Amino acid sequence: MKFFIDTANLAQIQDAHDLGILDGVTTNPSLMAKEGISGKDNVMKHYKTICDIVGDGDVSAEVIATDFQGMVREGEELAELHPNIVVKIPMIQEGVKALKYFSDKGIRTNCTLVFSAGQALIAAKAGASYVSPFIGRLDDISTDGLDLIEQIRLIYDNYGYETEILAASVRHPMHIIKCAEIGADVMTGPLSAIVALMKHPLTDNGLAQFLADHAKAAK
Ligand code: E4P
């Protein structure tokens, strides 16, 4: 399972990268705004910095345009920035046309804001490299986001679609574990959820005991 971090915060991306288990980064316009990044030049510079930190991992950069021509223009500029940029396109009709356009040109895409199996099926047919079902936001409205991951896994396996299932809007470590059980190809979540996977009180207690015994024996 690939691990992406869902942030535009450079310190958190560096921390996750330093763990040695980071496969990529996803961003969105809200995450960029949260870091105070605005204006085309600054946005492009920020994406470039993220790519440099991540090394050979994928970095999803989202278009702002909502019309086909605008998405193509923005997406081509983003893709030229760095070979690891994946153009993030919203699941709307104009977006589907753009997914197909980029797929035909060999430019990789991440179809975002996916909330149903039908949307995921269309994204795969349009040739998206990744599909991003937002599981946390479905949970927020009392719908099980993990059910959607299961549905998409089944559909993609039925037909051998190569689009990778990128479980997005992950909020906590159990989301990650359940997505791994179901067979999501990728998960993107906050650093806190990734770090929480490593924690166990028995590990902490066991280590404290080992160190105490070692120190006693050395006296
Ligand atoms: C995915 O690419 C999105 O950036 C993200 O996962 C949205 O998560 P949120 O629902 O926590 O904002």
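The rules behind the values
Residues numbered from 1 in each chain as written. Predicted model: local features only at pLDDT ≥ 70, side-chain atom pairs only at ≥ 80, totals over all residues. Heavy atoms only, no water. Near = heavy atom within 4 Å. Polar contact = N/O pair within 3.5 Å; in protein donor to acceptor, adjacent residues only side chain to side chain. 1 Å grid on protein atoms, 1.4 Å probe; cavity = no way out; pocket = protein on both sides within 12 Å on 5 of 7 lines; lining within 4 Å. Sits in = over half its atoms within 2 Å of the grid points. Nonpolar A, V, L, I, M, F, W, Y, C, P; charged D, E, K, R; others polar. Salt bridge = Lys/Arg side-chain N within 4 Å of Asp/Glu carboxyl O. Helix = DSSP H or I, 4+ residues; strand = E, 2+ residues; numbered from the N terminus. Buried < 20%, exposed > 50% of the residue type's maximum accessible area, 1.4 Å probe, protein only. Pairing = 2+ DSSP bridges. Axes fitted to C-alpha atoms, helices over the stretch in contact; angles between N-to-C directions. Contact = heavy atoms within 4.5 Å. Phe/Tyr/Trp six-rings, centres within 6.5 Å; stacked < 30°, edge-to-face > 60°. Expected span 1.5 Å × (residues − 1).

## A look at the site of the ligand
Around the ligand lies a shell formed by Asp 6, Thr 26, Asn 28, Lys 88, Phe 134, Arg 137, Ala 168, Ser 169 and Arg 171. Residue Asp 6 places a side-chain N or O atom 2.7 Å away from an oxygen atom belonging to the ligand. Between the ligand and the protein, one listed contact pairs an oxygen atom with a side-chain N or O atom of Arg 137 at 2.7 Å. Its atoms largely coinciding with the cavity grid, the ligand occupies the largest pocket. When the residues that make up the shell around the ligand are grouped by side-chain class, the tally is two nonpolar, three polar and four charged.

## Side note on the pattern of salt bridges
A full pass over the atoms with the stated rule returns 13 salt bridges. A salt bridge links Lys 48 to Asp 52; its shortest N-O distance comes to 3.4 Å. With a gap of four residues between them, Lys 48 and Asp 52 both fall in helix 3 (residues 40–54), about one helical turn apart. For Lys 97, the salt bridge is made with Glu 94, and the minimal N-O distance between the two is 2.7 Å. Note that Lys 97 and Glu 94 are positioned in helix 5 (residues 93–105) at a spacing of three residues, about one turn of the helix. When its relative accessible area of 45% is taken as the criterion, Lys 97 is described as partly exposed. Taking the relative accessible area as the measure of exposure, Glu 94 reaches 25% and is therefore partly exposed.

## Quick notes on the sheet that holds strand 5 (residues 109–114)
The strand order around the closed barrel built from eight strands is 1-2-3-4-5-6-7-8, with neighbouring strands paired in parallel fashion. Adjacent strand axes in the sheet meet at a mean angle of 30° when their direction is disregarded. Note: strand 2 (residues 24–26) against strand 3 (residues 58–62), three bridges, orientation parallel. The residue of strand 3 that forms the bridge with Gly 24 is Asp 58. Against the sheet, helix 5 contacts strand 4 (85–90) and strand 5, and its axis sits at roughly 155° relative to strand 4.

## Focus: the packing of aromatic side chains
Applying the stated criterion across every chain yields a total of six aromatic pairs. On the basis of an interplanar angle of 75° and a centroid distance of 5.8 Å, the ring pair of Tyr 156 and Tyr 161 is categorised as edge-to-face. Three or more aromatic residues joined by ring pairs make a cluster, and in this case those are Phe 68, Tyr 101 and Phe 102.

## Re helix 3
Think of an α-helix as 3.6 residues a turn; residues three or four steps apart then line up on the same face. Compared with the 21 Å implied by 1.5 Å per residue over 15 residues, the 21 Å span of helix 3 between its first and last C-alpha is a close match. Buried within helix 3 are the following residues: Met 44, His 46, Tyr 47, Ile 50, Cys 51, Ile 53 and Val 54. Taken together, the buried residues of helix 3 touch helix 1 (10–18), strand 2, helix 2 (29–34), strand 3, helix 4 (68–81) and strand 4. Downstream of helix 3 by one or two residues, Gly 55 has phi in the positive range, about 75°.

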